[in-house]
Amino acid sequence: MSHGPRSGLAAVSSALLAMSRHLEVRDVLKTIVASARELLDAQYAALGVPDDHGGFAQFVVDGVSEEEWKAIGPLPRQHGILAAMLHEARAERLADVRKDPRFEGWPKAHPDLVDFLGLPIRDGDEVIGALFLANKNCVRPQGGCGFTEDDEELLGILAQHAAIALTNARLYERSRELTIAEERSRLAHELHDAVSQKLFSLRLTAQAAARLVDRDPSRAKGELQQVAALAAEAADELRAAVVELRPAALDEDGLVATLRTQIQVLDRAHSARVTFSGHGVKALPASQEEALLRVAQEALHNALRHSGADHVDVTLDRRGNGAVLRITDDGGGFDPSAVRRAGRHLGLVSMRDRAAGAGGTLTVESAPGKGTVIEMEVPGG
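Report on the accompanying structure. (Residues numbered from 1 in each chain as written. Predicted model: local features only at pLDDT ≥ 70, side-chain atom pairs only at ≥ 80, totals over all residues. Heavy atoms only, no water.)

### A short note on unusual backbone geometry
Its identity as a non-glycine residue notwithstanding, Ala89 has a phi of 50 degrees, on the positive side. Within the secondary structure, Ala89 is located in the loop between helix 4 (80-88) and strand 3 (92-94). Overall, the relative accessible area of 24% leaves Ala89 in the partly exposed class. Look at Asn135: it is not a glycine, yet its phi comes out positive at around 65 degrees. Its location among the elements puts Asn135 in strand 5 (residues 126-136). In this structure Asn135 comes out as buried when scored by relative accessible area, which is 8%. (Helix = DSSP H or I, 4+ residues; strand = E, 2+ residues; numbered from the N terminus. Buried < 20%, exposed > 50% of the residue type's maximum accessible area, 1.4 Å probe, protein only.)

In structure tokens:
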């Protein structure tokens, strides 16, 4: 967040370096917005990345608290001044945005905006975002002060560099996705070849043992020992593949950043609000980090696909040398004992196995109409 105005070449240089330092799209957007608000000394700043459906795929603000942002409500649509910047690809500098004929009002909890400065962010001929500021911080005698031509020129420089930083971040994320997909494909082929051969041999050996049980028990015993050996080899192949399939993002970014990124994606993709917070968690053994990630993914899948929840909250907190993960939803809930009796597991067996395999524990609290809380604790290193 901003801490007051800065000016001069050093401040501009610092802002541009900060933009180029990040590789994650969300981090780039936040840095652009904070830098713009600080450099131009505005009360509010925002940046919207449009989608293809009249809304915004991402919308980042600076100068608004989290509580205020929640009270404002859903993301804005592409209308009024925002639509003009996006569709006409031109700057907008207004002394009082409320008096502009395109002003369509704001949600009840939205801060009151007066003077306004906005610019499209362009990559060639494509408009990839809209950056705007509101409420210049200055003494307002009769007539006020508002944004100047110099402010507009400076914001234009930021917008040009923002386009470069945002495009680079998108290319980085796409490159990483392709790398992960290629690695998954390679491992899938290796797993298919190695394990399929073992399973084929195991089946033939088991058939031979079945034929020999009555007429040659000693040979049948030898064949069954071979079955056990082949099964052990197949299990080893699977374990080796699972180790290789450790999510690349975990190794590169760590557990907290990986969870935050995935949950931000889920929040945009679903109507339910999905939130995340992580506090004081240090690096954990690889097996524990992967188990926590997989349990979080399974629990989120259940909550978003089956519970009908309006809000799903994920927290990861330090506990001693380890960590505790909690996934809480306000959905329809269920009776865990009834689920077991019906032979349905909702992934609970898999989650408990993952927790136990990492030396941790998993608890599930739920009841019809009461939502669900899934908690996993691991001991750390």
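### Considerations on the pattern of salt bridges
As enumerated under the stated definition, the model contains 15 salt bridges in all. Taking the shortest distance from any N to any O, the salt bridge between Glu152 and Arg93 comes out at 2.8 Å. With Glu152 in helix 5 (residues 149-212) and Arg93 in strand 3, the pair connects residues that are 59 residues apart, well separated along the chain. Note on Glu152: relative accessible area 25%, which makes it partly exposed. Arg273 is the partner of Asp267 in a salt bridge, and the nearest nitrogen-oxygen pair spans 2.7 Å. Put simply, Glu88, Arg90, Glu92, Asp100 and Arg102 are held in one network by salt bridges that share partners. (Salt bridge = Lys/Arg side-chain N within 4 Å of Asp/Glu carboxyl O.)

### Comments concerning the environment of Ile72
Note that Ile72 resides in helix 3 (residues 66-72). Put simply, Ile72 and Pro111 are 39 residues apart on the chain and 8.7 Å apart in space, counted from C-alpha to C-alpha. Non-local contacts of Ile72, meaning those with residues more than four positions away in its chain, are made with Val64, Pro107, Ala109, His110 and Pro111. (Contact = heavy atoms within 4.5 Å.)

### Observations regarding the layout of surface pockets
Estimates place the volume of the largest pocket at around 1500 Å³. In terms of lining residues, the largest pocket is bounded by 35 residues, among which Arg26, Phe59, Trp69, Asp267 and Arg273 are the most central. Among the elements of the structure, helix 2 (25-39), strand 2 (56-62), helix 3, helix 8 (255-269), strand 6 (273-279) and strand 7 (311-319) are those that each provide at least two residues to the lining of the largest pocket. The element contributing the most residues to the lining of the largest pocket is strand 2, with seven residues. (1 Å grid on protein atoms, 1.4 Å probe; cavity = no way out; pocket = protein on both sides within 12 Å on 5 of 7 lines; lining within 4 Å. Points joined across faces, edges and corners; volume = space filled by probe spheres on them.)

### A word on helix 9 (residues 286-306)
Think of an α-helix as turning once every 3.6 residues; residues three or four places apart then point the same way. Helix length check: helix 9 (21 residues) gives 30 Å between terminal C-alpha atoms against 30 Å at 1.5 Å per residue, within 8%. At the C-terminal side of helix 9, Gly308 shows a positive phi close to 70 degrees. (Expected span 1.5 Å × (residues − 1).)

### Brief notes about the sheet that holds strand 8 (residues 322-329)
Pairing in this open sheet of five strands is mixed, and the strands run 6-7-8-10-9 from one edge to the other. Each of the sheet's edge strands pairs with one partner strand only, and the pair in question is strand 6 and strand 9 (361-366). Strand-to-strand twist in this sheet, taken as the mean axis angle between neighbours without regard to direction, amounts to 10 degrees. Strands strand 6, strand 7 and strand 8 of the sheet are contacted by helix 8, whose axis makes an angle of about 170 degrees with strand 6. The strands that helix 9 touches are strand 6, strand 7, strand 8, strand 9 and strand 10 (372-378); relative to strand 8, the one it contacts most, it runs at about 5 degrees. (Pairing = 2+ DSSP bridges. Axes fitted to C-alpha atoms, helices over the stretch in contact; angles between N-to-C directions.)

The quantities given are spatial measurements derived from coordinates; they are silent on function.
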